[in-house]
There are 2 protein chains.
Amino acid sequence: MNIALLGFGTVCKGVYDILKEMPEYNIKKILIRNPAKKTMDCMTLDFSDIENDNDIDLVVEAIGGLHPAKEYIISSLKAKKHVVTANKAVVANYFDEFVQTAKENGVKFMIEATTGGGIPWIKNLQRVSRIDEVTSLYGIMNGTSNFILSAMNDEQKDFDEVLKAAQKLGYAESDPSADIDGDDVRNKCAISASIAFGGLVPVNSISQSGIRYINKNDIKWFNKNNLVCKLFATAIKSGNNYDAIVEPVLLDKNTVEANVPKNYNITCLYGKTIGDVKLYGQGAGRFPTGNAIVQDIIDVNENQTFDIVFNKELTKSDVIEGKYYIRIPSKLNFDNSLVESKINSENYAIIITKEIYCSKIHSFIDNNKDKSIFIARFI
Amino acid sequence: MNIALLGFGTVCKGVYDILKEMPEYNIKKILIRNPAKKTMDCMTLDFSDIENDNDIDLVVEAIGGLHPAKEYIISSLKAKKHVVTANKAVVANYFDEFVQTAKENGVKFMIEATTGGGIPWIKNLQRVSRIDEVTSLYGIMNGTSNFILSAMNDEQKDFDEVLKAAQKLGYAESDPSADIDGDDVRNKCAISASIAFGGLVPVNSISQSGIRYINKNDIKWFNKNNLVCKLFATAIKSGNNYDAIVEPVLLDKNTVEANVPKNYNITCLYGKTIGDVKLYGQGAGRFPTGNAIVQDIIDVNENQTFDIVFNKELTKSDVIEGKYYIRIPSKLNFDNSLVESKINSENYAIIITKEIYCSKIHSFIDNNKDKSIFIARFI
C-alpha cells in the first residue's frame, strides 16, 4: 500500500517510525511547507504531486487547522484515495461533507486518531454499536487540562504555576487556549457523539466551559468535600434528542475517573447489554497518536473498517442536568430561585445550585461580562 | 447464519435475548440436559442432532467445565462449524488443540467471552498486537473477588460476612472456591497471556494465591498505609521468556485500579508505541457476557476475525518480582535473609520482604502446611 503524509510534525513522524517496521506499507510522498526542511527525496512542497499520483492509495492528514486541511481531504477523497486524519477541528466542522464525499468516491474516511490518542475509542464505539444503542458517553479527552487539574489537586498549587510547569514539560502549548478553554474537547465530543448516536452532532451545538479560571480556593473546597475536579465531555441521547456539553465536573475521589493521572485520558460509554465500558490510555503524543493512525491504515488495507453512517436526524434539547458549584465574584447576581446554598467570602461567593439543565448555567456564564466565574457540575 | 447453543444457562439466555433482535441470526438448536426444561421445539437433548445438522454454521458453547465441553468443541470444529465459547476452563486447558483443530477444518475458534465478560479485551489485545509487541498485561479479572475486596475495604467488614452478602446478592456462588482461590483468574491469565505473547502459556505454569485468608487486620494495615488490595493476574514477556502469576497486590489508593468498584473488572496492557491501555467494564453476567459472544458471532459472520497463532516457543522463567506483605502465624518461620521488616502481634507476624521473585514466595506458601498465610505484592 502506497501512502502519502500531509505534514511531518510530531504525529506524522510517529506514523513514519511505526510504518518503517512494516514492509507492506510504503510512504511514497510527504507534503511539507518549509523548503528548508526537505531532507528526503519523497518530500514535496506541492499537494498536487500527491493528488495526481495514481499510485498513492491512502493519504494521512495531520497538518491541523481548518484550511487547507479541509481542501486537501476533499481533493484526496475525490482522487479516490482513502483518508486517515488526526485533525479533530476539521473533522468536527466538516464531518458530514467528508463522510459523503468518501462514500461517493468509494473510499474510506478514518478518524481514530482524532479522539483519545492511542485509545481505540472510535473503533470500540463503532463495534459496540453493532449490538447496543450507545445512549451516553463521557470522558476526560484532553491530556493538557488533566495534567493541570491533577497537579493542582495533588500539589495544591495554583493554576498559573502548574500551567508553566506543564509548558516546560511539553504537556501544554505556549498558547494553551484550545486545551484549557475546552475547544479541543468540544471537537472530540462532537466527533464521538456523532459516531455513537449515528447522526450528526454539530460542534457549534455544544456549549463549553473550561478550566482557565479554576484556582487554589476551588481545589481546597473540593478536597474538603472529598471531590476531584476533571474536565469532561458528556453527550446523552434520548430518543431522537441529544444533549452534549463540555465542562468541569466534580467526582467522588474514590472513582476511576477521579484517579486518572497526569496527561492520561479516559473515554466511557454506556450500552444496554454491555453496560459501562471505560477505555484508558495516552490521549496524545507521537507514538500513541501515530499508533491510532497506523491502526486505521491497517483496517483500510485489511478491509476491517466500519462505515460511518449519519442516518438519524437528531435534535438538540435539554437532557443533561445536575447541581453546580459556582464560584462567582460577590458583586455579581445569580438567580436566587436556583440556589440551594451559598457561602460568602470577602470577594467571592460559592453557590451550590439546585438540579438544573446545563444549558441554563451555560447561558448564564456565556451572557455574563465577567469571565472569572468558575463552574463545575456534581456527578 | 444458523446457530446452535450448547447449554441454556445465564450466558446462553443472554445470547438468545440479544440475537432475538437481529433477524440475520437464527438460533436453530439448543442443547439442554434436563428433559423437564424442554420448553421450545428447537431444544434437543442429543448433541449429535447439532453435530450432524449441516445447516448449522456456528456453535456457542457455554456449558462450562472440561467434559463434555472439550469433546463438543472438537466435534463441532471437525464438523466444520465455527465455535464461540465462554468456557475459560476448557480453553485454558486445551487451547492449542482447539486452535489447531479449527485451523485444520477451516473454521474459526472465538474466545472473547472467556475473559473480562463484556470488556472487548481479547479483540483489543489482538488488534494492538498488529503493531506492538505486548510485553506485559495485568488486571482485575474476577468480579466476585473484587466485590468482596471492595466491600471489605469500604465497610471494614470481615471476609465471611462479606462473602455471605455477596452470595445473597448473586455475586458469589454457594461454592466460591474458583473465584476466591484464583482458579478462575488463572484460566483467564493463561488465555490472555497466550493471545498477547503469541505462544502457548500453559495454565499449570501459573502459580496462584487467592483471597480466602485475608482478614480485617490485613485491611486495617493496608488502609493505614494508604493501600488497597486487589486480586491481580499478571503476565510479562521478556524475549522468549515469560512469567505469569495470580495473587493479591497492594496498590496506592489513588490509582485507577485501586478504585475499580464492586464486581467490575479492569484489564490492562502495555505496548511500546501505544503505551498503557486499560479497559474497564462488567466482567460477567447474562448480558455483558452474552454481548461478548454475539460480538464474536458477528465477527465470524462479517469476516472481521483475527487468527489465533501460537508461533512462539515461550519458556517460563523468573521475571516478576516485588516486595511482599506476608501475614503469617507467629509460630511459623520465614527465611530471615528475605525480611526487610517485621511486626509481631500476639498470634501473627506481618513481614515486609525485600524485593524477591514471585516464584520464591509462592513455593514458600505452596510447600507450607499452614494454609492461613496471606500474601500480597506491593505494586
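Preceding block: the structure.
Note that the structure is predicted; figures quoted are calculated from it, not measured.

Colleague: Hey, could you run me through the pattern of salt bridges in this one?
Modeller: Side chains that differ in charge, positive against negative, can pair when their charged atoms come close. Within the structure shown, the criterion is met by 44 salt bridges over all chains. Here Glu-247 of chain A ties to Arg-377 of chain A by a salt bridge, and the two come within 2.4 Å at their closest N and O atoms. In this pair, Glu-247 of chain A sits in strand β10 (residues 241-252) while Arg-377 of chain A sits in strand β19 (residues 374-378), placing the two residues 130 residues apart along the sequence. On the accessibility criterion, Arg-377 of chain A (5% relative accessible area) is buried. A salt bridge links Asp-53 of chain B to Lys-29 of chain B, with the nearest nitrogen and oxygen atoms 2.7 Å apart. Pair noted here: Asp-53 of chain B is in the loop between α2 (47-51) and β4 (58-61) and Lys-29 of chain B is in strand β2 (residues 26-31), with a separation of 24 residues, a long-range link. A residue is classified by how much of its surface remains accessible, and Asp-53 of chain B, at 7% relative accessible area, is buried. What you see here is one network of salt bridges that share partners, running through Lys-123, Asp-299 and Glu-302 of chain A together with Arg-127 and Arg-130 of chain B.

Colleague: Looking at this structure, how should I read the sheet that holds β2 of chain B?
Modeller: Two modes of strand pairing occur in sheets, parallel and antiparallel, and in both the strands are linked by backbone hydrogen bonds. All names here are of chain B. On the basis of which strands lie adjacent, the open sheet formed by 6 strands has the order β3-β2-β1-β4-β5-β6 and parallel pairing. Every interior strand has two partners, whereas the edge strands, β3 (43-44) and β6 (109-110), have only one. Pairing geometry for β4 and strand β5 (residues 82-85), over 4 bridges, is parallel. Following the sheet pairing, Glu-61 is matched in β5 by Thr-85.

Colleague: Hey, could you run me through the environment of Pro-248 of chain A in this one?
Modeller: All names here are of chain A. Looking at the secondary structure, you find Pro-248 in strand β10. Owing to a relative accessible area of 0%, Pro-248 belongs among the buried residues under this scheme. Apart from the residues within four sequence positions on either side, Pro-248 is in contact with Ser-209, Gly-210, Ile-211, Cys-229, Lys-230, Leu-231, Phe-374, Ile-375, Ala-376 and Arg-377.

Colleague: Honestly, helix α1 (residues 10-20) of chain B in this entry has me stumped. Any pointers?
Modeller: In an α-helix there are 3.6 residues to a turn, and that puts residues three or four apart on one side. Among all positions in α1 of chain B, only Val-11, Cys-12, Gly-14, Val-15, Asp-17, Ile-18 and Leu-19 of chain B are buried. On its buried face, α1 of chain B sits against β1 (2-6), β2, β4 and α11 (286-301) of chain B.

Colleague: I would appreciate a short explanation of the nonpolar core in the present structure.
Modeller: Side chains of a nonpolar character, in soluble globular proteins, are inclined to be buried together. Judged by nonpolar contacts, the single largest core of 142 residues is most densely connected at Phe-109 and Ile-214 of chain A together with Phe-109 and Ile-214 of chain B. Residues within four places of Phe-109 of chain A in sequence aside, it is in contact with Ile-73, Val-83, Thr-85, Val-91, Phe-95, Phe-98, Val-99, Ala-102 and Ile-308 of chain A. Counting residues in hydrophobic clusters, the runner-up holds 28 residues, among them Ile-3, Leu-5, Ile-32 and Ala-113 of chain B.

Colleague: I tried to follow the packing of aromatic side chains on my own but got confused; where do I start?
Modeller: All chains considered together, the criterion is met by 28 aromatic pairs over all chains. Between Trp-221 of chain B and Tyr-325 of chain B the ring centres are 5.0 Å apart and the planes differ by 45°, which places this aromatic pair in the tilted class. Of this pair, Trp-221 of chain B sits in helix α10 (residues 216-224) while Tyr-325 of chain B is found in strand β15 (residues 324-329), placing the two residues 104 residues apart along the sequence. Of the two residues, Trp-221 of chain B and Tyr-325 of chain B, both sit in the buried class. Look at Trp-221 of chain B and Phe-378 of chain B: their rings are 6.4 Å apart centre to centre, the planes differ by 70°, and that puts the pair in the edge-to-face class. Of the two residues, Trp-221 of chain B is situated in helix α10 and Phe-378 of chain B in strand β19 (residues 374-378); the sequence distance between them amounts to 157 residues. In this structure, Lys-70 of chain A is placed above the aromatic ring of Tyr-94 of chain A, and the distance from its NZ or CZ to the ring centre is 4.7 Å.

Colleague: Got a minute to help me understand α10 of chain B in this structure?
Modeller: Residues and elements named next belong to chain B. Listed in full, the buried residues belonging to α10 are Asp-218, Ile-219, Trp-221 and Phe-222. Axial view of α10: buried residues confined to an arc of 160°, hence all on one face. When the buried face of α10 is taken as reference, the exposed residues oriented beyond 90 degrees from it are Lys-220 and Lys-224. The backbone nitrogen of Asn-217 has a side-chain oxygen 2.9 Å away, supplied by the residue at the start of α10, namely Asn-215.

Colleague: When you look at the relation of the copies chain A and chain B in this model, what are you seeing that I'm missing?
Modeller: One copy of the chain maps onto the second through a rotation around an axis plus a translation along that axis. Superposing chain A onto chain B takes a rotation of 180° combined with a translation of 0.0 Å along the rotation axis, leaving an RMSD of 0.0 Å. Read as a symmetry element, the transformation amounts to a two-fold axis. Of the residues that chain A buries at the interface, 100% are likewise interface residues in chain B, meaning the two copies contact each other through the same surface.

Colleague: How should the sheet that holds strand β5 (residues 82-85) of chain A be read in this particular structure?
Modeller: Residue and element names in this part refer to chain A. Here 6 strands make up an open sheet; going across it, the order is β3-β2-β1-β4-β5-β6 and the pairing parallel. A single partner strand is all that each edge strand has here, and the edge strands are β3 (43-44) and β6 (109-110). Bridge analysis of strand β1 (residues 2-6) against strand β2 (residues 26-31) gives 5 bridges, and the strand direction is parallel. The residue of β2 that forms the bridge with Ile-3 is Ile-27. Against the sheet, helix α3 (residues 69-78) contacts β1, β2, β4 (58-61), β5 and β6, and its axis sits at roughly 150° relative to β5.

Colleague: Is there a simple way to explain the interface of chain A and chain B in this structure?
Modeller: Interface size, as often reported, equals the accessible area lost upon joining of the parts. Tallying the contact residues gives 38 residues for chain A and 38 residues for chain B. Here chain A meets chain B over a buried area of about 3400 Å², counting both sides, of which 51% is carbon and sulfur. Close ionic contact of Glu-302 of chain B with Arg-130 of chain A constitutes a salt bridge, the shortest N to O distance being 3.6 Å. If you look at where chain A meets chain B, you find 15 residue pairs in polar contact (both at pLDDT 80 or more). Elements represented by at least two residues in the side of chain A that touches chain B include exactly α5 (121-128), β12 (275-282) and α11 (286-301) of chain A. The residue inventory of the side of chain A that touches chain B, partitioned by class, reads 17 nonpolar, 12 polar and 9 charged. Pairing geometry for β12 of chain A and strand β12 (residues 275-282) of chain B, over 5 bridges, is antiparallel. Residue pairing for β12 of chain B: Gly-281 of chain A is matched across the bridge by Val-277 of chain B.

Colleague: Even after reading the chapter, I still don't get the pairing of strand β11 (residues 264-271) of chain A, so can you show me in this structure?
Modeller: Along any regular strand the residues' side chains alternate between the sheet's two faces. All names here are of chain A. Among the 8 residues of β11, 7 are classified as buried, and the element is accordingly described as predominantly covered. With 8 bridges connecting them, β11 and β12 associate as antiparallel partners. Considered in β12, the bridge of Cys-268 is made with Lys-278. Taken together, β11 and the strand that follows it, β12, pair antiparallel across an intervening segment of 3 residues.

Colleague: Just checking my understanding: could you explain the state of the cysteines for this structure?
Modeller: Each disulfide is one covalent bond, formed between the sulfur atoms of two cysteines. Summed over all chains, the structure comprises 0 disulfides over all chains. Here Cys-229 of chain A is not disulfide-linked; the sulfur of Cys-358 of chain A is the nearest cysteine sulfur, at 16 Å.

Colleague: Would you mind going over unusual backbone geometry with me for this structure?
Modeller: If a residue is not glycine, its phi is most likely negative; likewise, a peptide bond is most likely trans. All names here are of chain A. A cis amide bond links His-67 to the next residue, Pro-68, at an omega of 5°. Tracing the sequence through the fold places Pro-68 in the loop between β4 and α3. Its identity is not glycine, yet Lys-262 carries a phi of approximately 45°, on the positive side. For Lys-262, the position within the fold is in the loop between β10 and β11. Residue classification places Lys-262 among the partly exposed residues on the basis of a relative accessible area of 48%.

Cut-offs used in this document
- Residues numbered from 1 in each chain as written.
- Chains lettered and ligands numbered in written order.
- Predicted model: local features only at pLDDT ≥ 70, side-chain atom pairs only at ≥ 80, totals over all residues.
- Heavy atoms only, no water.
- Salt bridge = Lys/Arg side-chain N within 4 Å of Asp/Glu carboxyl O.
- Helix = DSSP H or I, 4+ residues; strand = E, 2+ residues; numbered from the N terminus.
- Buried < 20%, exposed > 50% of the residue type's maximum accessible area, 1.4 Å probe, protein only.
- Pairing = 2+ DSSP bridges.
- Contact = heavy atoms within 4.5 Å.
- Core = buried A, V, L, I, M, F, W, Y, C linked by side-chain atoms within 4.5 Å.
- Phe/Tyr/Trp six-rings, centres within 6.5 Å; stacked < 30°, edge-to-face > 60°.
- Lys NZ or Arg CZ within 6 Å of the ring centre and 35° of its normal.
- Arc of directions from axis to C-beta.
- Polar contact = N/O pair within 3.5 Å; in protein donor to acceptor, adjacent residues only side chain to side chain.
- Least-squares fit on C-alpha atoms with pLDDT ≥ 70 in both.
- Axes fitted to C-alpha atoms, helices over the stretch in contact; angles between N-to-C directions.
- Buried area = accessible area lost by both parts, 1.4 Å probe.
- Nonpolar A, V, L, I, M, F, W, Y, C, P; charged D, E, K, R; others polar.
- Disulfide = S-S within 2.5 Å.

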